[in-house]
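Chain and residue survey
Each chain is listed here by its residues.
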Amino acid sequence: MSETTAVDFWFDPICPFAWATSRWILEVEKVRPIRVKWNVMSLSVLNEGRDLPEDYRKSMDNGWGPVRVIIAAARKHGEDVVADLYTAMGELLHYEKVADRSDVIRRALETVGLPAELAAAADSDEFDDALRASHATGIEQVGQDVGTPILAFNGTAFFGPVITRVPSGEQAGELFDASVKLASFPYFFEIKRTRTESPTFDV
């Protein structure tokens, strides 16, 4: 591929599947001409009003903080901080397995060099309208029966690709080429099979 491909990526930092796909996109950047725009969606917003198992409901109740902080950071310091803040949070959540999301927020802000007071946004609804708007922009393109990640390739959006291992080098590029090709066919909607493993990350 010689032309630059526009990729819109919607993520919730707590989702390991979104994390795996996001790390793949970073690998794709090394081997394909792409332009990525990082956008926040929220599993907490997606699951509002749904009957959920107790453990998952607790996770969703605790899931507001990270997305609120990313939205607040973007509003106050520009969209360019989103990717780095997501990476900082994701490394703590998915590599170091830090369970305390307040600690994740605090440490991620410090890593990226953003003001510590942004952490207060985690417990505030000040930026919820912006959060819901970002979430809606992604979800309206694919429907409610999805999760994260949502990716749009040159304007055509899908849930996924969902991967459990992160390819690198030309393998990452080939998976990207296939995804873009599928997205280019206007009547393609879905490929799916039952997952047999959770995401695995080698650091």
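Quick note: structure is the one above.
So, here's what we can say about the structure. (Residues numbered from 1 in each chain as written. Predicted model: local features only at pLDDT ≥ 70, side-chain atom pairs only at ≥ 80, totals over all residues. Heavy atoms only, no water.)

Residues Phe185, Tyr187 and Phe189 make up a contiguous nonpolar surface patch of about 440 Å² in total accessible area. We classify Tyr187 as exposed; its relative accessible area is 64%. (Patch = residues over 30% accessible without salt bridge, like charges linked within 9 Å, V, L, I, M, F, W, Y side chains within 5 Å. Areas by Shrake-Rupley, 256 points an atom, 1.4 Å probe, with all protein chains shown as cover. Salt bridge = Lys/Arg side-chain N within 4 Å of Asp/Glu carboxyl O. Buried < 20%, exposed > 50% of the residue type's maximum accessible area, 1.4 Å probe, protein only.)

As a further point, take the pairing of strand β3 (residues 150–153). What you see with β3 is no split at all: Ile150 and Ala152 on one side and Leu151 and Phe153 on the other are buried throughout. Here β3 runs beside strand β4 (residues 156–159); their pairing, made up of 4 bridges, is antiparallel. Among the inter-strand pairings, Phe153 is bridged to a residue of β4, identified as Thr156. (Helix = DSSP H or I, 4+ residues; strand = E, 2+ residues; numbered from the N terminus. Pairing = 2+ DSSP bridges.)

Here we take up the side chain of Thr148. Inspection of the secondary structure puts Thr148 in the loop between α7 (128–139) and β3. If sequence neighbours within four positions are ignored, Thr148 has contacts with Phe11, Asp12, Cys15, Phe17, Ala18, Met41, Leu43 and Phe159. (Contact = heavy atoms within 4.5 Å.)

This next bit is on the packing of aromatic side chains. This model, assessed by the stated rule, comprises 11 aromatic pairs. Between Phe153 and Phe176, the aromatic rings sit 5.7 Å apart at their centres with planes inclined by 75°, giving edge-to-face as the arrangement. One end of the pair, Phe153, is in strand β3; the other, Phe176, is in helix α8 (residues 169–184), with 23 residues separating them in the sequence. For Phe153, a relative accessible area of 4% corresponds to the buried category. For Phe176, a relative accessible area of 0% translates into the label buried. In textbook terms, an aromatic cluster arises when at least three aromatic residues are bridged by ring pairs, as seen for Phe9, Phe11, Trp19, Trp38, Tyr86, Tyr95 and Phe201. Sitting above the plane of the Trp19 ring, Arg23 keeps its charged end 3.8 Å from the centroid. Of note, Arg23 hangs over the ring of Tyr86, and the distance from its end group to the ring centre comes to 5.5 Å. (Phe/Tyr/Trp six-rings, centres within 6.5 Å; stacked < 30°, edge-to-face > 60°. Lys NZ or Arg CZ within 6 Å of the ring centre and 35° of its normal.)

The final tally for this structure, using the stated rule, is 12 salt bridges. Arg165 is the partner of Glu197 in a salt bridge, and the nearest nitrogen-oxygen pair spans 2.9 Å. With a gap of 32 residues between them, Glu197 in the segment after α8 and Arg165 in the loop between β4 and α8 connect regions that are remote in the sequence. Via salt bridges that share partners, Glu96, Asp103, Arg106, Arg107 and Glu110 belong to a single interconnected network.

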